[in-house]
Amino acid sequence: MTDRLAPGDTAPDFTLTSDTEEQVSLADLRGKKVIVYFYPAAMTPGCTKQACDFSESLDSLRGAGYEVLGVSKDKPAKLAKFRERDALTLTLLSDEDLAVHKAYGAHGTKKLYGKEVEGVLRSTFVIDEDGKVELAQYNVKATGHVAKLRRDLGLD
């Protein structure tokens with residue numbers, strides 16, 4: 001299993017393709033706080049709930065100085081359909097080869113219906129203005145996660 005990140009670690013840089021086919025680099029967001037969250041698959045119930053919750057909170061998160069990036073292994077075209085279908089307002093990024101997932105420790109062994117399988121670990125990272133991990137949360141629940149994150153960040 002890939003090592004997990006912890007507060008104080010340097011966040012691995014990445015450049016990924018968005019749902020609008022733009023290249024998005026973490027390095028380009030230096031000077032801003034960034035929430036990067038990894039989810040298993042677009043257009044599934046839990047992932048949809050989490051993405052909608054982030055979208056609904058996006059204005060207040062941005063008002064507090066945070067940008068939000070959602071990362072999955074889905075192709076950009078599927079992410080575009082996800083955005084359109086659910087009126088999502090956050091940036092969705094494609095990591096088809098799972099390299100960024102693995103760099104963040106967001107891919108590994110998990111239990112699914114009682115069996116151990118390799119897959120995406122639903123995880124969220126808050127990265128500070130200098131590119132350091134401020135908060136690393138692994139195996140988060142889709143439902144209620146954004147509300148808990150807002151509390152953890154002192155926003156609610």
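Quantities reported herein were computed from a predicted structural model and do not represent experimental measurements. (Residues numbered from 1 in each chain as written. Predicted model: local features only at pLDDT ≥ 70, side-chain atom pairs only at ≥ 80, totals over all residues. Heavy atoms only, no water.)

Engineer: Any chance you could break down the overall build of the chain for me, citing the residues and the numbers?
Structural biologist: A tally of helices and strands in the chain yields 4 helices and 9 strands. The order of helices and strands in the chain, counted from the N terminus, is β-β-β-α-β-α-β-α-β-β-β-β-α. A globule of 156 residues ought to have a C-alpha radius of gyration of about 15 Å, and the chain, at 14 Å, matches this closely. If you take every contact in the chain between residues at least 6 apart in sequence, the share linking residues at least 24 apart comes to 60%. In the structure as shown, the chain presents an accessible area of about 7,500 Å², 49% of it carried by carbon and sulfur atoms. (Helix = DSSP H or I, 4+ residues; strand = E, 2+ residues; numbered from the N terminus. Rg over C-alpha atoms; globule rule 2.2 N^0.38 Å. Contact = heavy atoms within 4.5 Å. Areas by Shrake-Rupley, 256 points an atom, 1.4 Å probe, with all protein chains shown as cover.)

Engineer: How would you summarise the UniProt feature "active site" (unreviewed entry) in the chain if you had to cite specific residues and measurements?
Structural biologist: Following the UniProt record, one finds the feature "active site" (unreviewed entry) at C47. As for its placement among the helices and strands, C47 is situated in helix 1 (residues 45–63). Since its relative accessible area comes to 1%, C47 is described here as buried. When neighbours within four sequence positions are excluded, C47 is seen to be in contact with Y39, P40, A41, F82 and R122. (UniProt positions renumbered as here; feature names shortened; annotations may be inferred. Buried < 20%, exposed > 50% of the residue type's maximum accessible area, 1.4 Å probe, protein only.)

Engineer: Give a detailed account of the packing of helix 1 against helix 2 (residues 76–86), specifying residues and quantitative values.
Structural biologist: At a closest axis distance of 11 Å, the pairing of helix 1 and helix 2 adopts a crossing angle of 65 degrees. The orientation of helix 1 with respect to helix 2, classified from their angle, is roughly perpendicular. Read as a crossing pair, helix 1 and helix 2 show a hand that is right-handed. Residues C47, T48, A51 and C52 of helix 1 pack against F82, R85 and D86 of helix 2. Of the residues contributing to the contact of helix 1 with helix 2, the split by class is 4 nonpolar, 1 polar and 2 charged. (Axes fitted to C-alpha atoms, helices over the stretch in contact; angles between N-to-C directions. Parallel < 35°, antiparallel > 145°, perpendicular 65-115°, else oblique. Left-handed = near helix turned anticlockwise from the far one by under 90°. Nonpolar A, V, L, I, M, F, W, Y, C, P; charged D, E, K, R; others polar.)

Engineer: Tell me about helix 1, and please be specific about residues and values.
Structural biologist: For helix 1, spanning 19 residues, the distance from its first C-alpha to its last is 28 Å, which sits close to the expected 27 Å at 1.5 Å a residue. A bend of about 55 degrees at S57 is the largest found in helix 1. Residues of helix 1 that are buried: C47, T48, Q50, A51, C52, D53, F54, S55, S57, L58 and L61. On its buried face, helix 1 sits against strand 3 (33–38), strand 4 (66–72), helix 2, strand 8 (123–127) and helix 4 (145–152). At the C-terminal side of helix 1, G65 shows a positive phi close to 95 degrees. (Expected span 1.5 Å × (residues − 1). Bend = angle between axes of the 7 residues up to and from the residue.)

Engineer: An account of the sheet that holds strand 2 (residues 23–25) is requested, with residue identities and associated values reported.
Structural biologist: Strand pairing in a sheet is mediated by backbone hydrogen bonds. Such pairs are either parallel or antiparallel. Spatial ordering of the open sheet is given by 2-1-5-4-3-8-9, a layout of 7 strands whose pairing is mixed. Each edge of the open sheet is held by one strand with a lone partner, namely strand 2 and strand 9 (133–137). This sheet shows a mean twist of 30 degrees between the axes of neighbouring strands, independent of strand direction. Of the pairings in the sheet, the one linking strand 3 to strand 8 comprises 5 bridges and is antiparallel in character. (Pairing = 2+ DSSP bridges.)

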